[in-house]
Structure formats: C-alpha cells, structure tokens
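Close look at the chain arrangement
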Amino acid sequence: MSDLTLQRQAKRKLNGKFIRNQVFSWALVLPAILFLCLFTFYPMGNLVHLSLYRGNITNPYKTFRGIENYLDILVRRPQFMTTLKNTALYVCMYVPICLSLSVIFAVWLQKARKINNFAQTCFFAPHLVATISSAFMWSWIFSPESSGIANGIIKVFGFNTHNWLGSSSTAMVCVMIMNTWASIGHHALIFLSALKSIPGEVYEAAELDSSSAVKTFFKITLPLLSPQIFLMLITMTTNSFKIFESVRQMTGGGPGISTKTVCMFIYDNAFETNNTLGLAGASSIVLTIILMLITLLDFKGLEKKVHYQ
Amino acid sequence: MYQLKRRFVNYLPNLFSDILKLICVVVFVFPFYWMIITSFKTYGEAIQVPPTLWPKNFTFIAYSNIYNMGINFWQYAQNSVIVTAGVIILQCLVMIPAAYSFAKRQFVGKGIAWAIVISALMIPGTCTYVPIYMVMAKAGLIPSLWPQIIPHGCNVFGIFMLRQAFKQVPDELLESARLDSATELQIVCRIMLPMAKAALITICLFSFIGTWNSYFWPLVMTNNDKYRPLTMYIERVQDADVGNKWNQVMAANVLLVGPVLVIYLFASQKIIQAFTYNGVK
C-alpha cells in the first residue's frame, strides 16, 4: 500500500470518528431539547394561537376573534386589569419587605455562634413546607372565628375581633405575611453565604477607620451584597407575580375579586368558565410579556448600580 | 469565678439581640406548633375561646376521623411517592447526558443548543399549562400519573448547575480514562458523577421539595381522586366537612408536612448546606 492510500484511509477513519462524535454529542443533548420543545416552546406558541380564538378546553378553536380577546382583557372588561392591579400591589408590598428583612436577618445571623445556627435552622424550616400547607396553617391563625389565634392576640390588647381574610383591606396583607414567613429563611440563607465570601480585611479596614456599624452596613455590606440583592430582586418579583395557591387557599380571591391574582384569573378562564379559553390565552401572553419586561428592565436599570467585586 | 464574670460582661451587649432572636424563632416556629397541637385537640377544644396552648385531653380523634372519612389516604400518599420518584428519575436521565455533553464535549452548534436550553428559563411554567393539558388530554393521558411527571422532564436549572460542576472536573482525568479505553458511560458514572455529587444532591433535593409540595400542577392535570397527590388530600378533608373542622384539617396537614419536617429535623445542617450550594459562579 502506498503512503497516500494509508493517509487517505486514516483521514477517512478520522472523518468517520469525527462525525460519530458529533452525532453522539447531539444525541446526548437531544432529549433535553426535545422535552423543552414539547413542554415549553410549543405550548408558548400554541398559547398565542389560542389567544386569537373563542373556545373552551375541549373545543378550543370555535370562532376566530383576532385581537378581540386582547381588547377584551385590556380595555373592555375591567376584571383582568383589576387582578393585575391586585397582583402588582401584592408584589410592591411583598418584595421590598421580604428583601430588606432577609438582608437584615442575614447580617444579624452573620457571626458563627450556636444561637445563630439554631435561629437559621428555624427560620429556614417554613421554606420546605408545601405552600398549600402553610396557607392552611395561616388561615387557621387568621380564622375569623374568635378562636383564631390572631383574634385571640388582639383581644388581649383590647381590640375587637377582625375578619382578617374576609375584609379587602387586610386579606392581601395576611397573604403577604404568610409568604414572607415562608420564604425569608431561604433568602436570608443566600445572603448569608454571600456575606461569608466578603473578605474579612474589608471589615478590619472599616474598623480601623472607626466607622460606625450603620455606616459599615450601608457603605460596605450593602454594596458588596448588591449582585445577590439584584438577582433576588428579579427572582422574587417574577415569582411573586405568579402567586396562585396561597391566595386561592387563604382568600379564594375574595372578598369579591379584591385579592384575585392574574394566575387565578387565567385558571378560572381556562377551566371554570365556559368559552373563555381565548381570554386565558391572551392574559397568559400578557403576563409572560410583563415578566420578561420586568427581567429586562431590572437588568437595564440596575446594571450600573450593581457593584461587582 | 472572675473568668465567668468576664465572660458574662463580654456577652452582655449581645443579650438584647439574642432575646430578640429567640422571640423571632418562637414567632417562626409557632405556626408549626399550632398546627400540631390543634391536630391533637377535640373539635370542641380547637374552637374554644380563649384558645388553649396545650390540649386538655390529648386525643387522636382527628386522625381517626379523617382516616374513616372514606377518602383513601394511602392512594394519595402512593401517588405522591410515585410522582416524586418519577420526576427525579426522569430529570436525571435527561439532565446528566445533556450536562455532560455541554460541559465536556465539543460539537457543531453547541452554542445554539445551549441558547435554546437557556432561553427556556425566560418562559414561565405557570403560563404554559393550558396547552400542555390539551396535549395530554388528546393523548388520553389525563386519567394517569404521567401528566404530573413528563412535563417536568427537562430541568433547565439542573442542567445549568450540573454543567457548571462537570466543568470543574479536570480534562486530564477524562483523557487518561479514555486512554484506558473507558466508555463514555463509564466516564460519566465513575468520574463525572462522583465528582459532582454535591451539585447532583442539591438538584435532586430541589426537585424533591418542588414536586412533593406541588399543588398547582396536580390541580390542573387531574380530574380524578385516584391520581391526586397528598397536597390535594387536605383540600378533600376540608371539602368533605360542613365548615372547617380545624382539628381534622390540621391533622391532614400534619400528615403532609410531617415527613418533610422529620427529615429536616435529622438532616437540617446538610439540607441547609445543599440550599446554600453555590454552583452558579
């Protein structure tokens, strides 16, 4: 055999191996991509399609309505806008309170001491519990009957019993308290691990300059935590926009629709009321766009202010 | 004596902060305590005014009541176990090869494939359930446990974390294994997975908690008690009653929360560590 044929053979062998490698690599990622296409991308596209029709879950494409569904939810019928407003109100209450509390907790529990460890363990426990269980626990605490513990407590202080979940002024606050209770330990944990990565010299330098504790917190801790705070801000905002089960259990959207959230509106239109699947589709699309915009805006607006080490 | 005094003086500034800490702990643990205590009360005592902090007569009547209510508790529990195990196994089967390929193999179009996977993070799962329900209904799968398992097959966050962990495995290790003519399967099982154990455990723990506690997905994807998990059991207990028999609702709640809390009691440090695991750097 001549040198040339040998070379050619080797090349062909290499080519074969190259192609086999390529195919194998793709075969490894293919299941993941397939699952995504089937259960994430296709549904999203299908949702756009659905939102242009009037129909229900068994017969989704009854009549073509074009953008009528969007006009319905955004302009003509106030229900969607009300639920959107409720949700936004909830987010505006929950995110700042939960975020600042978890940063404070993290700084508070920062030192390696037994009591801090213990407190951290206790604060984190609610995060592992199903939201639906927490909602049941708290609706028992906020029970309107005089046996509810919240009513029991305010009675001790001489106030009248209050229908916590049944009045529109306090219902959303109760839901927020429950969700703050459930998630604060987890967020504090993330901030704690971030705090641990701040080098000790920074604090020593601050101490040498005899900077006060408050000043150290605002001038050193907070800026160095900003990447995590920023990340948490995005995830908390988008997650709390999707709030569903805690509200469904605790208030059922009531009184009236004063605590109904966007996701409950979508669910009701998809499964509970007849011929409104298109509305559910349209509001899903609007919600998705809002969530994407929040993510983008957060990135754009806060990029400059975040301090990266 | 002097030393003790000094230690006390040193500790004194912390006293106020520590007392406040303990009060916070009590406030945080109280709902759990209240749930458990209520479940051991009779109905009469549960709604008594003023409430009692410890049951006067400690009974299991709430538990026996919900057990004899004609709702098959074991069916719900079994569904929860099967769905949770199914989701974790399916996710691992999909996630591990993909993460390995993305981390350690070179191929044409890798960038595009990665972009597809990552862009899925932008699409909220709570919006896509209607079309998925319709697909499942068309496939005739609604009266089964599959709709609660299959749609969660691809764990994007998991792929992301596992890829990060796989990348930290040195390439030389893989090269020498290949020289010893190890197959790709052996490389993944014997080298990659043991070295990425922490990440894998964390991901599985997240999946476990998420699936065990999920309420929304089963609510949408089932129309028959036979296929519903434990999270929906409490609601059934509540529905079956006229008004809320709080001691029974709390008993059902204990049955759902109990296993998770018991595990947490024994492995709290490990679980906390897993949740702190910072694979995204």
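Reading guide: rules and limits
Residues numbered from 1 in each chain as written. Chains lettered and ligands numbered in written order. Predicted model: local features only at pLDDT ≥ 70, side-chain atom pairs only at ≥ 80, totals over all residues. Helix = DSSP H or I, 4+ residues; strand = E, 2+ residues; numbered from the N terminus. Rg over C-alpha atoms; globule rule 2.2 N^0.38 Å. Buried ≥ 20, exposed ≤ 12 C-beta atoms within 10 Å, placed from the backbone. Contact = placed C-beta atoms within 7 Å. Nonpolar A, V, L, I, M, F, W, Y, C, P; charged D, E, K, R; others polar. Domains from an automatic or database assignment. Core = buried A, V, L, I, M, F, W, Y, C linked by C-beta atoms within 7 Å. pLDDT = per-residue confidence, 0-100. Axes fitted to C-alpha atoms, helices over the stretch in contact; angles between N-to-C directions. Parallel < 35°, antiparallel > 145°, perpendicular 65-115°, else oblique. Left-handed = near helix turned anticlockwise from the far one by under 90°.

Below, the discussion takes up the overall build of chain B. Across its full length, chain B holds 14 helices and 0 strands. Sequence-ordered secondary structure for chain B, helices as α and strands as β, is α-α-α-α-α-α-α-α-α-α-α-α-α-α. Radius of gyration (C-alpha) of chain B: 25 Å, far over the 19 Å computed for a compact globule of 281 residues. Projected onto its principal axes, the C-alpha positions of chain B cover 75 × 75 × 35 Å. Here chain B holds 281 residues, and the buried ones make up 35% of them. In chain B, the share of contacts with a sequence separation of at least 24, taken over all contacts with a separation of at least 6, comes to 73%.

Within chain A one finds 12 helices and 2 strands. Relative to its length of 309 residues, chain A is extended, with a C-alpha radius of gyration of 27 Å against a globular reference of 19 Å. If you line up chain A on its principal axes, its C-alpha atoms span 105 × 70 × 35 Å. When each of the 309 residues of chain A is scored for burial, the buried share is 37%. Taking contacts inside chain A between residues at least 6 apart in sequence as the whole, the part at least 24 apart equals 71%.

Across the boundary between the two partners, chain A contributes 60 residues, which contact 62 residues of chain B. Looking at the side of chain A that touches chain B, the elements with two or more residues in it are α1 (3–50), α4 (114–124), α5 (131–141), α6 (149–156), α7 (171–196), α11 (262–272) and α12 (277–303) of chain A. It is α1(A) that provides the largest number of residues to the side of chain A that touches chain B, a total of 17 residues. Looking at the side of chain A that touches chain B residue by residue, the classes come out as 41 nonpolar, 16 polar and 3 charged.

Attention now goes to the domain arrangement of chain A. Under the domain assignment used here, chain A contains domain 1 (3–50) and domain 2 (75–303). Centre-to-centre, using C-alpha coordinates, domain 1 of chain A lies 42 Å away from domain 2 of chain A.

This paragraph deals with the nonpolar core. Grouped together as the largest cluster of nonpolar side chains are 127 residues, with contacts concentrated most on A:A32, A:C174, A:A188, B:A98, B:A99, B:L162 and B:A252. Residue contributions to this core peak at 15 residues, all from α7(A). Here B:A252 is in contact with B:I66, B:Y233, B:I234 and B:V237, once residues within four sequence places are set aside. Of all hydrophobic cores here, the second largest spans 6 residues; its members include B:V87, B:I88, B:L145 and B:I149.

What follows covers the environment of B:A98. Checked against the element boundaries, B:A98 lands in helix α4 (residues 73–104). Look at B:A98 and you get buried, because 27 C-beta atoms sit within 10 Å. Along the chain, B:A98 and B:N65 lie 33 residues apart, while their C-alpha atoms are 49 Å from each other. Contact partners of B:A98, with chain neighbours within four places excluded, come to A:L28, A:V29, A:P31, A:A32 and B:I159.

Partitioning chain B into structural domains gives domain 1 (2–66) and domain 2 (72–240). Placing a centre on the C-alpha atoms of domain 1 of chain B and another on those of domain 2 of chain B gives a separation of 38 Å.

This part is about α4(A). Every buried residue belonging to α4(A) is among A:A119, A:Q120, A:C122, A:F123 and A:F124, and all of these are buried. Residues of α4(A) that are buried sit in contact with α3 (78–108) and α7 of chain A together with α1 (2–39) and α14 (246–276) of chain B.

Before going further, it helps to examine the confidence of the model for chain B. Taken residue by residue, chain B gives an average pLDDT of 85. The fraction at 70 or more is 96%. This complex was scored by the predictor with a pTM of 0.85 and an ipTM of 0.83.

Attention shifts here to the packing of α5(A) against α7(A). Residue and element names in this part refer to chain A. α7 packs onto α5 with a crossing angle of 130 degrees between their chain directions and a minimal axis gap of 10 Å. It follows that α5 is oblique to α7 by the angle criterion. Taken as a pair, α5 and α7 cross one another with a handedness that is right-handed. For the pair formed by α5 and α7, the contact residues are T131, S134, A135 and W138 on the first element and C174, M178 and A182 on the second. Class assignment for the residues of the contact of α5 with α7 results in 5 nonpolar, 2 polar and no charged.

As a further point, take the confidence of the model for chain A. Scored by pLDDT, chain A comes out at a mean of 84, with 96% of its residues at no less than 70. Element-level mean pLDDT values for chain A span from 79 in strand β2 (residues 63–64) of chain A up to 91 in α3(A).

Let's shift gears to the packing of α3(A) against helix α9 (residues 213–241) of chain A. Residues and elements named next belong to chain A. Close contact between α3 and α9 brings their axes to 10 Å; oriented N to C, the two are set at 145 degrees. The two elements α3 and α9 cross, and the hand of that crossing is right-handed. Counting all contacts with α3, which are made through T87, Y90, V91, Y94, V95, C98, L99, V103 and V107, the residues of α9 involved are F217, T221, L225, I229, M232, L233, M236, T237, S240 and F241. Here the residues of the contact of α3 with α9 sort into 15 nonpolar, 4 polar and no charged.

For the rest of this paragraph, the subject is unusual backbone geometry. All names here are of chain B. Of note in this structure, S181 is not a glycine but carries a positive phi near 50 degrees. Within the secondary structure, S181 sits in the loop between α9 (171–179) and α10 (184–195). Residue classification places S181 among the exposed residues on the basis of 7 C-beta atoms within 10 Å.

Now for the environment of A:M292. All names here are of chain A. Here M292 is to be found in helix α12. For M292, a count of 14 C-beta atoms within 10 Å gives the class partly exposed. Here the alpha-carbon distance between M292 and L222, two residues 70 residues apart in the chain, equals 27 Å.

To continue, consider the environment of A:S168. Residue and element names in this part refer to chain A. Tracing the chain through its elements places S168 in the loop between α6 and α7. For S168 and P255, which are 87 residues apart along the polypeptide, the C-alpha to C-alpha distance reads 6.0 Å. Not counting the four nearest positions on each side in its chain, S168 is found in contact with P255 and S258.

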